[in-house]
Each structure stands twice: as C-alpha cells, then as structure tokens.
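These are the residues of each chain, in order.
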Amino acid sequence: MSSLPDSDSGQRDSSPSILMVSKLYPRRGKPLSGTFVHNQVRALRRAGADVCIMTPVARVPRTRQKASGEHGAGLAIDAAATDESAVYVHYLHVPLAISTRLEMRMLSRALQRAVDALPPGTSFDVVHAHQVFPTGFAAMRVARRLEVPLVVTAHGSDIHTNPHRSRAIMDFTRRVLDGSDLIVTVSQALAREVDSLAGSDRGSRVVYSGVDPGGFSDAPQRQAARSARGLPGAGVAVCTLCRLDAAKGVFELLEAFAALHSRLPDLWLLYIGDGPDREALERRVRDLELSNAVFFSGSVAHPEVPAWLAAADIFALPSHKEGVPVSLLEAMAAGLPAVATDVGGIGEVLEDGRTGYVVPLKDPQALHDELERLVSDGASRDRMGAAARETVSKKFLWDHNASAMLELYEEVLERRVSPCPEAVDVRRQ
C-alpha cells in the first residue's frame, strides 16, 4: 500500500497503489487471454508500484453450458500458472441480448464484494480498468465508492465495435468516457475514435503496449525451434499469432498462401493460437489439399510464444480491426518482418518498407504480393527483421509502458481538488 501525498509539498513519497481490473487475464484454458495486462502488471511492480489485479470471470448458467460448450470445470482457476496474487472474481453472466443493465449490475456487485473482502486497512490511490465496456463501468462504480480517480485503457473493440452492438452498450460506453478521470488508448487512431464517440476532445493519452525482450533473445534458433515442434526443417515459413477468428483475416491469409504455395511448394504456413474458427479453417485447408503445408499450434502458453515465432521467417496479420496488436510487437521482437493491414494503430508501429509492409484492408492481391516479395528475397527479410527488432527495443518495451502509466497516475492524483482525498479503507460501507 502506497503512502499518501505529503500535505505540504503535494508530492508523493512512493509509487501509487493501484487496483487494476481486467476481464482479460491469463487463466487455465485461456493462457493467452490478457497477457498484455499481465505484462503491464509485472512492469509496474518492477517500477515499484503496488498493484492488486482483479479479473472478473463469467459464470455461465447451467442451462446454457451444454448449448455453448462451456462447462463448470472450465471455471476453475489455475492462478499459480500466471499470478498468485490475482483475485479472480466470479459473477453470474447475463447475456447482453437479454439485459445489458442486469449484466452490469451483476458484474459491479461482484467486483465490489471482492473489494470489500480484501484485508482490513487495504487502500488504493487509483482504480485502473482495462476496456471501457464492460469492465470500465463496473470499475467506475468501485472508484466512486472509494473516492479515488479512475483510469480506463481502451484497447480497440471496446470503442470501434461493442458500442455499435446496441443502444444500451453505447450508453454505458459514453458514461464511462464521461465519468472517468483519464482515458488511455493504445494508439493515436484509437484516441481519435474515442473523441468521435465521446462527441468532444476527451484528452485521451496514448500509451503503447510493449514486449519483454528477454524471452525473445533466449528463444531457440530457427532449426532447433522447428525440430522441437515437429515442423518442417526446410522452406520459408509464414506465421500468424492471433485468435483464430475470421475478423483476424485468417481466411484471407490462407487464400493468399494457397496462391503462393502453388508456385512455391517449399513454402509453409503456421497458425499460432486457437479460436472459434479453427475447425472451419482446417476444413478449408483440407479442401485446398494443403494439409501437408499448413500447421496449427493450438493454444499456446505465453512463455512458449517466442519459441513458436522463432520457427518462422515472416509474420502476417491481415486483421480487420485492431488497436495495436501485441502479437505484432512480439513478432517484431522475434526479428520477423511483417505484412499487416492498415487498420487501427498498425501503421503507427509497422514502418512500411522498413520493418515490413502495410497493406489495405481486405485486399487479397496486395497481401499476396507483399508476402511474395518477402518470401522471394531473403536479404530483405533479414534487413527488415533486424530493423523490426531495433524498433521494438527503442519504442515498445513494457518498462516504457509502466513509466508512462506511473506518470499518468500521478497526473490524475495531482488533478484532484487539493488537498487530495485521503485513501479510503476498501472495507468501508
């Protein structure tokens, strides 16, 4: 628990104590979920901040488990595999199509009960929520009760997709945008979308996500990485790292690959990750008679990601919508040149012609052509891959992210009416 601001100087004598709330956080069955939040928490702690992470976990009613394929066993949490200090907050999930307001009520109450159950004397200086909806609204209720500032990080779909699903979601989203002390976005493009949605200049701050370069520098060499995972030892490999969902452009990537493979039989493709469209993607692979050239890793624990990326030569992400994808930053840290669509903040990270190629959205010919340029030119791959690694090491590290966030926490605390409100015991009713 951090100390309070000095009443005379207005300055703090230690880093702030943060209650971080995110539905996206690694847990059993979802090892890649929210790894960016986990890495941010670790970086903030390295920088001296006291961070309590709470991650809401939806409980699916038994009547829906069979139909949805979700089972009670899937609700069990293996916290030791990610962060033993994480607090997993279970709440009864109400489908948004039935009642968005009831879902928000269930989530907010569960989060408040979890805060009340913390040891007596626990206090926080700032509440920081990841995603404007739904987590941001529940966190806003907690922050108001604790009388501390609320910082919300918008990541992408919570701004450019979710609000347009219903009037109720739009209402909750705007309430969070108006009611938070600070909105942080992961790209300049997303900051502009926030302003558009809020109807005014919200004064959002951009803090890019990052990577931890240690795991990538320790990754095995390409041939060793391929051999250990039963992948082809020869040929050029294109890979993607994402949720296997049509919105990530996984089918466009397959079609572009198929056209290239017909002329370059040593080329192969690796999908790293899992998702709802994996079965459909595998069927399409069989239809194209490419089963010997397309490989699926399945779900991968985050510490294993560098070794999987080390097996590839080129990274591709023809996604339809993004903030700044951490998978792209990780591929760059692995020294891979990339081909990605010009959506969200991708163009702010990937330098066209220097660290890879930026292609128009849903343009299969452009995707095909730029992949072919990299496949056919090993020297360009090496040069761009080295430039990509250098870019990440200078601009996109988690320690940089943590430093920026600490400055913003202090800013919102200083902005509070002087004298700053004293830390509030979270157990106070």
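The rules behind these values
Residues numbered from 1 in each chain as written. Predicted model: local features only at pLDDT ≥ 70, side-chain atom pairs only at ≥ 80, totals over all residues. Heavy atoms only, no water. pLDDT = per-residue confidence, 0-100. Contact = heavy atoms within 4.5 Å. Helix = DSSP H or I, 4+ residues; strand = E, 2+ residues; numbered from the N terminus. Expected span 1.5 Å × (residues − 1). Buried < 20%, exposed > 50% of the residue type's maximum accessible area, 1.4 Å probe, protein only. Phe/Tyr/Trp six-rings, centres within 6.5 Å; stacked < 30°, edge-to-face > 60°. Lys NZ or Arg CZ within 6 Å of the ring centre and 35° of its normal. Pairing = 2+ DSSP bridges. Axes fitted to C-alpha atoms, helices over the stretch in contact; angles between N-to-C directions. Patch = residues over 30% accessible without salt bridge, like charges linked within 9 Å, V, L, I, M, F, W, Y side chains within 5 Å. Areas by Shrake-Rupley, 256 points an atom, 1.4 Å probe, with all protein chains shown as cover. Salt bridge = Lys/Arg side-chain N within 4 Å of Asp/Glu carboxyl O. Lys, Arg positive; Asp, Glu negative; His and termini not counted. Charge placed at Lys NZ, Arg CZ, Asp CG, Glu CD.

## Focus: the confidence of the model for the chain
- Chain-level statistics for the chain give a pLDDT mean of 87 and a share of 87% at 70 or above.
- Confidence drops under pLDDT 50 across residues 1-10; counting only partners more than four residues distant or on other chains, this segment forms 23 contacts.
- Note that pLDDT drops below 50 for residues 63-81; the model gives that stretch 22 contacts with residues more than four away or on any other chain.

## Things to note about helix 15 (residues 364-376)
- Its 13 residues place the ends of helix 15 18 Å apart at the C-alpha level, agreeing with the 18 Å of an ideal helix rising 1.5 Å per residue.
- For helix 15, the set of buried residues is Ala366, Leu367, His368, Glu370, Leu371, Leu374 and Val375.
- Tucked inside the fold, the buried residues of helix 15 contact strand 8 (237-241), helix 10 (250-261), strand 11 (314-317), strand 12 (338-341), strand 13 (356-359) and helix 16 (378-395).

## Things to note about the packing of aromatic side chains
- Throughout the structure, instances matching the rule amount to five aromatic pairs.
- Measuring from ring centre to ring centre gives 6.3 Å for Phe133 and Phe172, while their planes differ by 35 degrees; the resulting arrangement is tilted. Note that Phe133 is positioned in helix 4 (residues 132-146) and Phe172 in helix 6 (residues 167-179), a separation of 39 residues in sequence.
- Judged by its relative accessible area of 2%, Phe133 falls in the buried class.
- Between the aromatic rings of Tyr271 and Phe296, the centroid separation amounts to 5.2 Å while the plane-to-plane angle is 10 degrees, which identifies the pairing as stacked. Of this pair, Tyr271 sits in strand 9 (residues 268-272) while Phe296 sits in strand 10 (residues 294-296); the two residues are 25 residues apart in sequence, bridging distant segments of the chain.
- Residue Tyr271 is classed as buried on the basis of its relative accessible area of 0%.
- Aromatic rings pair up to connect Phe133, Phe137 and Phe172 into one cluster.
- If you follow Arg229 out to its NZ or CZ, it ends over the ring of Trp308, 5.6 Å from the centre.

## Focus on the sheet that holds strand 5 (residues 150-154)
- The seven strands lie next to each other as 3-2-1-4-5-6-7, forming an open sheet whose pairing is parallel. Two strands bound the open sheet, and with one partner strand each, they are strand 3 (87-92) and strand 7 (205-206).
- By the bridge criterion, four bridges tie strand 5 to strand 6 (residues 182-185) in an arrangement that is parallel. Of the residues in strand 6, the one forming a bridge with Ala154 is Thr185.
- Its contacts with the sheet place helix 3 (residues 100-116) against strand 1 (17-21), strand 2 (50-59) and strand 3, and it is angled at close to 145 degrees to strand 3.
- In the packing of helix 4 onto the sheet, contacts are made with strand 1, strand 4 (126-130) and strand 5, and the angle to strand 4 comes to roughly 170 degrees.

## A closer look at the side chain of His160
- Positionally, His160 belongs in helix 5 (residues 157-160).
- When sequence neighbours within four positions are dropped, the list of residues in contact with His160 reads Glu193, Lys321 and Glu322.

## Quick look at a positive patch on the surface
- On the surface, Arg105, Arg109, Arg113, Arg141 and Arg144 cluster together into a positively charged patch.
- Mapped by element, the contributors of at least two residues to the positive patch are helix 3 and helix 4.
- The element that contributes the greatest number of residues to the positive patch is helix 3, accounting for three residues.
- Among the secondary structure elements, Arg113 is positioned in helix 3.

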